[in-house]
Amino acid sequence: MSALLRSPSRLFRIVATAEAVTWTGLLAGMFLKYVTETTELGVSIFGMLHGIVFISYCVTTVAIAVDQRWSFGRLLAGLASSIPPLLTLWFERYAERHGLLAPAWRLIEESPARPLERPLAWLLRNPVRGLATGLASIAALTVVALIAGPPVG
């Protein structure tokens, strides 16, 4: 398994940063489209890219929350941090400072004790299947989001 996937701390940092970067790109695209009326290209490109990275961040946050046994409130805070621009960077630092991000996946070594831990433990112990499942989940959720339409009419 690559170094990226071996460490929940590293994975979360990369995905949280990517979410903030794509948010910034989308905001720049919205500025060009709505304020300067120059082009819609930035919104077209960064809208889709941000949508995919946003979903990736949410899937990653849930997986890490289950593995690291975050409280439901911390999980909600992690998910909510993806809504305001750039807040994922703050939440990642908060989680790191408060010991919420371990350097290794707990469920690779430890037996799952809770219902949600069992499938995650299996996916983590079978990294190729786990990665494929994660990517398929992100793709399926992206399709659902595309069908539902943009958040603002």
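Keep in mind that this is a model prediction, so the values were computed, not measured. (Residues numbered from 1 in each chain as written. Predicted model: local features only at pLDDT ≥ 70, side-chain atom pairs only at ≥ 80, totals over all residues. Heavy atoms only, no water.)

1. Focus: the overall build of the protein chain
Line of reasoning, step 1. Assigned secondary structure in the protein chain consists of eight helices and zero strands.
Line of reasoning, step 2. Each helix and strand of the protein chain, ordered N terminal to C terminal, gives the series α-α-α-α-α-α-α-α.
Line of reasoning, step 3. At 17 Å, the protein chain has a C-alpha radius of gyration in line with the 15 Å of a compact globule built from 153 residues.
Line of reasoning, step 4. Reported as C-alpha extents along the three principal axes, the dimensions of the protein chain are approximately 55 × 30 × 30 Å.
Line of reasoning, step 5. A buried classification covers 35% of the 153 residues belonging to the protein chain.
Line of reasoning, step 6. Within the protein chain, residue pairs in contact and separated by at least 24 positions form 65% of the contacts whose partners lie at least 6 positions apart.
Line of reasoning, step 7. On the protein chain, the mean spot of the 13 positive side-chain charges and the mean spot of the 9 negative ones are 7 Å from each other. (Helix = DSSP H or I, 4+ residues; strand = E, 2+ residues; numbered from the N terminus. Rg over C-alpha atoms; globule rule 2.2 N^0.38 Å. Buried < 20%, exposed > 50% of the residue type's maximum accessible area, 1.4 Å probe, protein only. Contact = heavy atoms within 4.5 Å. Lys, Arg positive; Asp, Glu negative; His and termini not counted. Charge placed at Lys NZ, Arg CZ, Asp CG, Glu CD.)

2. Topic: the environment of Gly 47
Line of reasoning, step 1. The topology assignment puts Gly 47 in helix α3 (residues 41–68).
Line of reasoning, step 2. Placed 43 residues apart in sequence, Gly 47 and Trp 90 show a C-alpha to C-alpha distance of 22 Å.
Line of reasoning, step 3. In contact with Gly 47, other than residues within four places in its own chain, are Leu 26 and Gly 42.

3. Looking at the pattern of salt bridges
Line of reasoning, step 1. Counted under the stated rule, the structure contains six salt bridges.
Line of reasoning, step 2. With its nearest N and O atoms 3.4 Å apart, the salt bridge here joins Glu 92 to Arg 13. One end of the pair, Glu 92, is in helix α5 (residues 87–97); the other, Arg 13, is in helix α2 (residues 8–35), with 79 residues separating them in the sequence.
Line of reasoning, step 3. The exposure class of Glu 92 is buried, given its relative accessible area of 7%.
Line of reasoning, step 4. The partner of Glu 96 in a salt bridge is Arg 13, and the shortest N-O contact between them spans 3.4 Å. Within this pair, whereas Glu 96 is found in helix α5, its partner Arg 13 is found in helix α2, the two being separated by 83 residues in sequence. (Salt bridge = Lys/Arg side-chain N within 4 Å of Asp/Glu carboxyl O.)

4. Considering the packing of helix α7 (residues 117–125) against helix α8 (residues 127–148)
Line of reasoning, step 1. Viewed as axis vectors pointing N to C, α7 and α8 meet at an angle of 115°, and their least axial separation amounts to 5 Å. On the side of α7, the interface is formed by Trp 122, Leu 123, Leu 124 and Arg 125, while α8 contributes Pro 127, Arg 129, Gly 130 and Thr 133. (Axes fitted to C-alpha atoms, helices over the stretch in contact; angles between N-to-C directions.)

5. A few points about a nonpolar patch on the surface
Line of reasoning, step 1. A grouping of Leu 27, Met 30, Phe 31, Leu 32, Tyr 34 and Val 35 is seen on the molecular surface, where their side chains present a nonpolar patch of about 560 Å² in accessible area.
Line of reasoning, step 2. By relative accessible area, which is 47% here, Phe 31 ends up partly exposed. (Patch = residues over 30% accessible without salt bridge, like charges linked within 9 Å, V, L, I, M, F, W, Y side chains within 5 Å. Areas by Shrake-Rupley, 256 points an atom, 1.4 Å probe, with all protein chains shown as cover.)

6. Some words on the nonpolar core
Line of reasoning, step 1. Counting residues in hydrophobic clusters, the biggest one holds 21 residues, and the most contacted among them are Phe 12, Tyr 57, Ile 64, Trp 70, Phe 91, Leu 101 and Leu 120.
Line of reasoning, step 2. For this core, the secondary-structure elements that each account for two or more residues are α2, α3, α5 and α7.
Line of reasoning, step 3. Top contributing element to this core by residue count: α3, with five residues.
Line of reasoning, step 4. Among all residues touching Leu 101, those that are not within four sequence positions of it are Ser 9, Phe 12, Ile 64, Gln 68, Trp 70, Glu 92, Ala 95 and Glu 96. (Core = buried A, V, L, I, M, F, W, Y, C linked by side-chain atoms within 4.5 Å.)

7. Some remarks on the packing of aromatic side chains
Line of reasoning, step 1. On inspection of all chains with the given rule, the structure shows seven aromatic pairs.
Line of reasoning, step 2. Where Phe 12 meets Phe 91, the ring centres are 6.2 Å apart and the plane angle is 70°; that geometry is what we call edge-to-face. With Phe 12 in helix α2 and Phe 91 in helix α5, the pair connects residues that are 79 residues apart, well separated along the chain. The burial state of Phe 12 is the same as that of Phe 91; both residues are buried.
Line of reasoning, step 3. For the ring pair Trp 70 and Phe 91, a centre distance of 5.8 Å and an interplane angle of 70° mean the geometry is edge-to-face. Pair noted here: Trp 70 is in the loop between α3 and α4 (72–80) and Phe 91 is in helix α5, with a separation of 21 residues, a long-range link.
Line of reasoning, step 4. Classification of Trp 70 as buried rests on a relative accessible area of 9%.
Line of reasoning, step 5. Three or more aromatic residues joined by ring pairs form one cluster here, namely Phe 12, Tyr 57, Trp 70, Trp 90, Phe 91 and Tyr 94. (Phe/Tyr/Trp six-rings, centres within 6.5 Å; stacked < 30°, edge-to-face > 60°.)

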